[in-house]
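Structural overview
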Amino acid sequence: MLDLILERHRDLLRRGAVLVDDRDPSDQPRVVAYLEHSIQDARTTRTGERRVISRRMLYVELDSQGQARNAAYAPYLDFRPLREDEPSPEEILARPKCAWIAQGLEAQALAYAVTQVVPEHLEEVRRRRLELIEKTRAAVRDRLTKEIAYWDHRAEQLRLQEQAGKPNARLNSQEARRRADELAARLEKRMQELDREAQISPLPPVVMSGFVVIPAGLLAKMQGKALPAATPAADTQAIAARARAIVMEAERRLGYEPVDREFDHLGYDIESRDPATGRLRFLEVKGRVAGADTVTVTRNEILTSLNPEDYILAIVAFEEDGTHRLYYVRRPFRREPDFGVTSVNYELSSFLSHAEEIV
């Protein structure tokens with residue numbers, strides 16, 4: 001199905017799209033370029049090409065100031081298409097605010113991806129693959145070495161029996177030796193295959209297309225409407241930063257090593273590493289003031305939560321007296337939102353009813 005759609009509509013993909021960010025009250029448009037990136041090892045396919053072991057879409061967001069950042073996983077899921085009663089893409093792109101959008105952005109996105117995003121992809125794949133290869137190498141060597149030793153010993157036993165005039169009717173020493181030699185050759189061949197699997201290298205990323213992100217504030221100006229209402233206090237950057245700091249301190253008390261990833265827009269806010277095992281857990285942080293009864297979660301955050309096992313929704317409830325309470329909700333979401341939904345409001349009480357309070 002994917003191949004058929006691309007065959008028929010690849011030209012539309014290259015032309016890109018205009019999407020709307022309803023959460024952005026500013027009037028500054030952005031551009032998101034998406035690139036396909038592959039990583040290969042030294043094994044070859046039947047056609048003689050290097051075998052691709054990982055293929056991923058990379059997203060790079062660019063602004064009018066020339067700044068670039070990693071837009072991470074499927075950022076388009078938090079945006080929506082233009083409605084029929086809104087300005088057309090041509091009208092929007094003709095605005096002075098969009099004058100900086102040009103074809104030269106492809107080179108800028110490509111340069112950023114090569115220096116910033118590709119190394120992350122490569123390191124992630126290399127770390128995971130090398131760990132698996134080393135485990136496989138140890139298991140193969142252990143199993144085949146034991147088998148080789150068995151047949152070596154069996155060949156020697158049979159040789160001594162034959163010299164004593166007591167040959168084995170079903171198996172002779174030459175056959176046992178042949179099996180030992182075959183296993184030794186098999187071990188060497190498998191080690192060489194694993195060596196080729198460990199030779200991991202990145203291919204150059206390829207720009208597939210991109211889309212323009214129009215903030216709700218710019219649409220409101222063009223339509224002569226009032227700017228979108230300011231974000232509630234519970235969701236301001238100051239409250240969000242305070243909530244993340246509280247969660248990171250709690251993670252340290254629990255023996256983890258947290259890293260703030262809020263501005264990487266990965267679908268979660270904090271990566272927390274277990275120093276004993278190296279395993280990561282992922283925390284999405286929501287700060288709520290006293291009296292707040294809902295929690296807003298984006299489509300991207302919900303989809304991200306469905307992938308890793310160790311995903312936690314951390315809710316920091318700020319009380320009127322200045323204190324706070326911290327709750328961890330594990331596996332907060334069971335299914336992805338309906339198609340076209342960019343965010344969902346949940347009742348705070350529904351989360352707290354099965355949350356664990358962290359003290």
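Starting from 1, residues in each chain are numbered consecutively following that chain's sequence as written. Totals for whole chains, interfaces and linings use all residues, but because this is a predicted model, local features are given only for residues with pLDDT of at least 70 and pairs of side-chain atoms are given and counted only at 80 or more. Side-chain numbers come from the whole structure's heavy atoms, not from hydrogens or water.

1. Describing the nonpolar core
To be explicit about the condition: Here, the term nonpolar core denotes a set of buried Ala, Val, Leu, Ile, Met, Phe, Trp, Tyr and Cys residues that are joined through side-chain atoms within 4.5 Å. Think of it in three bands: with a 1.4 Å probe and only protein chains considered, a residue is buried below 20% of the maximum accessible area for its type, exposed above 50%, and partly exposed in between. Helix numbers and strand numbers start at the N terminus; a helix is a DSSP run of H or I with at least 4 residues, a strand a run of E with at least 2. For this analysis, residues touch if any pair of their heavy atoms sits within 4.5 Å.
Counting residues in hydrophobic clusters, the biggest one holds 21 residues, and the most contacted among them are Leu35, Val60, Ile92 and Ile214. Every element with two or more residues in this core is listed here: strand E1 (17-21), strand E2 (30-44), strand E3 (50-62), helix H3 (105-163), strand E7 (206-215) and helix H5 (216-223). With five residues, H3 is the largest single contributor of residues to this core. Setting aside anything within four residues of it in sequence, one finds Ile214 in contact with Val18, Leu19, Val20, Asp21, Pro29, Ile92, Cys98 and Leu219.

2. Structural notes on the side chain of Glu271
Rules: Here a polar contact is taken to be a pair of N or O atoms separated by no more than 3.5 Å, where protein atoms must pair a possible hydrogen donor with a possible acceptor and residues adjacent in sequence count only if both atoms sit in side chains.
Secondary-structure assignment places Glu271 in strand E9 (residues 270-273). Here the side chain of Glu271 touches Arg261 through a polar contact of 3.1 Å, side chain to side chain. In this structure Glu271 touches Glu257, Pro258, Val259, Arg261, Leu266, Leu280, Arg281 and Phe282, once residues within four positions along its chain are discounted.

3. Remarks on a nonpolar patch on the surface
Put simply, the test is: What goes into a patch is any residue over 30% in relative accessible area without a salt bridge, connected to like charges within 9 Å or, for nonpolar side chains (Val, Leu, Ile, Met, Phe, Trp, Tyr), within 5 Å. Here the Shrake-Rupley method, with its probe set to 1.4 Å, supplies the accessible areas, and only the displayed protein chains count as covering residues. Here, a salt bridge means any Lys or Arg side-chain nitrogen found within 4 Å of an Asp or Glu carboxyl oxygen.
On the surface, Met1, Leu4 and Ile5 cluster together to form a nonpolar patch covering roughly 330 Å² of accessible area. For Ile5, a relative accessible area of 43% corresponds to the partly exposed category.

4. Some points on the environment of Glu197
Looking at the secondary structure, you find Glu197 in helix H4 (residues 173-198). Placed 113 residues apart in sequence, Glu197 and Asp310 show a C-alpha to C-alpha distance of 29 Å.

5. Here we look at the environment of Gly322
Take Gly322: it is sitting in the loop between strand E12 (311-318) and strand E13 (324-330). The class for Gly322 is partly exposed, based on a relative accessible area of 46%.

6. Some details on the environment of Asp310
Within the secondary structure layout, Asp310 lies in the loop between helix H7 (299-305) and E12. The contacts of Asp310, once residues within four sequence positions are left out, are Arg279, Leu280, Arg281 and Phe282. Polar side-chain contacts of Asp310 include one of 2.5 Å to the side chain of Arg279.

7. What about the confidence of the model for the chain?
What counts here: pLDDT expresses, on a scale from 0 to 100, how confident the predictor is about each individual residue.
Per-residue pLDDT for the chain has a mean of 87; in total, 95% of the residues score no lower than 70. The least confident element of the chain is H7, whose mean pLDDT is 80; the most confident is H4, at 95. In the model, residues 230-235 has pLDDT below 50 throughout and makes eight contacts with residues more than four positions away in sequence or in other chains.

8. Side note on the sheet that holds E12
Operational definition: The pairing criterion is simple: DSSP has to find at least two bridges between the two strands. Orientation is described by lines fitted to C-alpha atoms, with helices fitted over the stretch in contact, and by angles between N-to-C directions that extend from 0 to 180 degrees.
Taken in spatial order, the six strands make up an open sheet running E8-E9-E10-E12-E13-E15, and their pairing is mixed. Each end of this open sheet is capped by a strand with a single partner; those strands are strand E8 (257-260) and strand E15 (356-358). Adjacent strand axes in the sheet meet at a mean angle of 30 degrees when their direction is disregarded. Here four bridges tie E9 to strand E10 (residues 280-289), and the two strands are oriented antiparallel to one another. For Arg273, the partnering residue across the bridge sits in E10 and is Leu280.

9. Digging into the packing of H3 against H4
Counted only if it meets this: Should an angle lie under 35 degrees it is considered roughly parallel, over 145 roughly antiparallel, and from 65 to 115 roughly perpendicular; all remaining angles are considered oblique. By definition, turning the near helix anticlockwise from the far helix through less than a right angle yields a left-handed crossing, and turning it clockwise yields a right-handed one. Each residue is assigned to one of three groups, with Ala, Val, Leu, Ile, Met, Phe, Trp, Tyr, Cys and Pro labelled nonpolar, Asp, Glu, Lys and Arg labelled charged, and all others, Gly among them, labelled polar.
Put simply, H3 and H4 touch, their axes get as near as 8 Å, and they point 170 degrees apart. Here H4 runs roughly antiparallel to H3, going by the angle between their axes. The handedness of the crossing between H3 and H4 comes out as left-handed. Taken together, the residues that form the contact of H3 with H4 break down as 16 nonpolar, four polar and 15 charged.

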